[in-house]
Amino acid sequence: GAGVSQSPSNKVTEKGKDVELRCDPISGHTALYWYRQSLGQGLEFLIYFQGNSAPDKSGLPSDRFSAERTGGSVSTLTIQRTQQEDSAVYLCASSLGLLRPQVREQYFGPGTRLTVT
Amino acid sequence: AQSVAQPEDQVNVAEGNPLTVKCTYSVSGNPYLFWYVQYPNRGLQFLLKYITGDNLVKGSYGFEAEFNKSQTSFHLKKPSALVSDSALYFCAVRDMDDNFNKFYFGSGTKLNVKP
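Report follows, based on the coordinates. (Residues numbered from 1 in each chain as written. Chains lettered and ligands numbered in written order. Predicted model: local features only at pLDDT ≥ 70, side-chain atom pairs only at ≥ 80, totals over all residues. Heavy atoms only, no water.)

## Quick notes on the overall build of chain B
Tallying secondary structure elements over chain B gives zero helices and 12 strands in all. The linear arrangement of helices and strands in chain B, starting from the amino end, is β-β-β-β-β-β-β-β-β-β-β-β. For 115 residues, the compact-globule formula gives about 13 Å, and the C-alpha radius of gyration of chain B, at 14 Å, lands near that figure. On the principal axes, the C-alpha backbone points of chain B span a range of 45 × 30 × 20 Å. Taken as a whole, chain B presents about 5400 Å² of accessible surface, with 47% of it coming from carbon and sulfur. Between the mean site of the 11 positive side-chain charges and the mean site of the 10 negative ones, chain B shows a separation of 5 Å. (Helix = DSSP H or I, 4+ residues; strand = E, 2+ residues; numbered from the N terminus. Rg over C-alpha atoms; globule rule 2.2 N^0.38 Å. Areas by Shrake-Rupley, 256 points an atom, 1.4 Å probe, with all protein chains shown as cover. Lys, Arg positive; Asp, Glu negative; His and termini not counted. Charge placed at Lys NZ, Arg CZ, Asp CG, Glu CD.)

Here is the structure:
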């Protein structure tokens, strides 16, 4: 079946511009995560959505970052007034989540490579 | 603070030899531990996980990992490496007594298997 998809695959933007990154999770997966992967570093948790519950935003690095998830499916990560340090690969993952979501493995998308010039 | 350490940036092994990719963790509560693999130009794929029970867990592609509570380690192993195992491997932990929504990932270990 279809996996997690993300778009665009690559995004180059100028410093100060806003960007939107999209994630389509696997159908039926109620849990959705966003991560940031910087060169030579591990994945940094950004935000977590579970069904209709309020998202866990504890990983968002600044108020320039926001995310929403419409209808419990597609999610958009928005970065306002981009800075060069925002350059990274942004990964989305989804998992089954209604029952004991913490034991579920995540299925990752291919990522969006963001370059801020 | 929660963290995951993968002390080796790169591991080189000859095909057919056993391989080990090391992972140690630090959490305040009980850990749930995971290994993921990232092949070039592809997303991360789940390999195996430890939740509870037997300390030795077996996963995809012949990989296994052993949970060692006293050493706070969860090393990934395979008895006989294949060239196709060459990839980037990530260890991850959830702290079940803190914010279990969050995964903490290591920085990754690049595995090179030479023919």
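## Brief notes about the pattern of salt bridges
Residue and element names in this part refer to chain B. Enumeration over the complete set of coordinates arrives at seven salt bridges over all chains. Glutamate 64 is the partner of lysine 58 in a salt bridge, and the nearest nitrogen-oxygen pair spans 2.9 Å. Overall, the relative accessible area of 64% leaves lysine 58 in the exposed class. (Salt bridge = Lys/Arg side-chain N within 4 Å of Asp/Glu carboxyl O. Buried < 20%, exposed > 50% of the residue type's maximum accessible area, 1.4 Å probe, protein only.)

## Comments concerning the interface of chain A and chain B
Listed by partner, the interface residues are 22 residues for chain A and 20 residues for chain B. A buried area of about 1700 Å², summed over both sides, lies between chain A and chain B, and 55% of it is on carbon and sulfur atoms. It is Gln102, Glu105 and Phe108 of chain A that lose the most area in chain A upon contact with chain B, and together they represent 31% of the buried surface on that side. When the shortest N-O distance is used, the salt bridge between lysine 49 of chain B and glutamate 105 of chain A registers 2.9 Å. (Contact = heavy atoms within 4.5 Å. Buried area = accessible area lost by both parts, 1.4 Å probe.)

## Considering the state of the cysteines
All names here are of chain A. Tallied over the full model, the rule gives two disulfides over all chains. In this model, cysteine 23 is linked to cysteine 92 through a disulfide, with the two sulfur atoms separated by 1.8 Å. What sets the handedness of the cysteine 23 and cysteine 92 disulfide is the S-S torsion sign, and at about -65 degrees it is left-handed. Of the two residues, cysteine 23 is situated in strand β3 (residues 19-24) and cysteine 92 in strand β8 (residues 88-95); the sequence distance between them amounts to 69 residues. Grouping residues by exposure puts cysteine 23 and cysteine 92 together as buried. (Disulfide = S-S within 2.5 Å.)

## Focus on the packing of aromatic side chains
Tallied over the entire structure, the rule returns 18 aromatic pairs over all chains. Pairing tyrosine 35 of chain A with phenylalanine 105 of chain B gives two aromatic rings, centres 5.4 Å apart and planes at 80 degrees, and the pair type is edge-to-face. Taken as a pair, tyrosine 35 of chain A in strand β4 (residues 31-37) and phenylalanine 105 of chain B in strand β11 (residues 104-105) lie in two separate chains rather than in one. Between tyrosine 36 of chain B and phenylalanine 105 of chain B the ring centres are 5.9 Å apart and the planes differ by 45 degrees, which places this aromatic pair in the tilted class. Of this pair, tyrosine 36 of chain B sits in strand β5 (residues 31-38) while phenylalanine 105 of chain B sits in strand β11, and the two are 69 residues apart along the sequence. Accessibility assignment for this pair places tyrosine 36 of chain B and phenylalanine 105 of chain B in one class, buried. Each member of the aromatic cluster is reached from another via a ring pair, and the members are Tyr33, Tyr35, Phe45, Tyr48 and Phe108 of chain A together with Phe34, Tyr36, Phe46, Phe103 and Phe105 of chain B. (Phe/Tyr/Trp six-rings, centres within 6.5 Å; stacked < 30°, edge-to-face > 60°.)

## As for the side chain of lysine 102 of chain B
By the element assignment, lysine 102 of chain B lies in the loop between β10 (87-95) and β11. Although lysine 102 of chain B lies buried, it forms no salt bridge, and the closest oppositely charged side chain, aspartate 56 of chain A, sits 6.6 Å away as judged by the N-O distance.

## Considerations on the environment of glycine 3 of chain A
Residue and element names in this part refer to chain A. Tracing the sequence through the fold places glycine 3 in the segment before β1 (5-7). Spatially, the C-alpha atom of glycine 3 lies 7.1 Å from that of proline 25, the residues being 22 residues apart in sequence. Excluding anything up to four places from it in sequence, glycine 3 contacts Asp24 and Ile26.

Taken by themselves, the reported measurements are silent on function.
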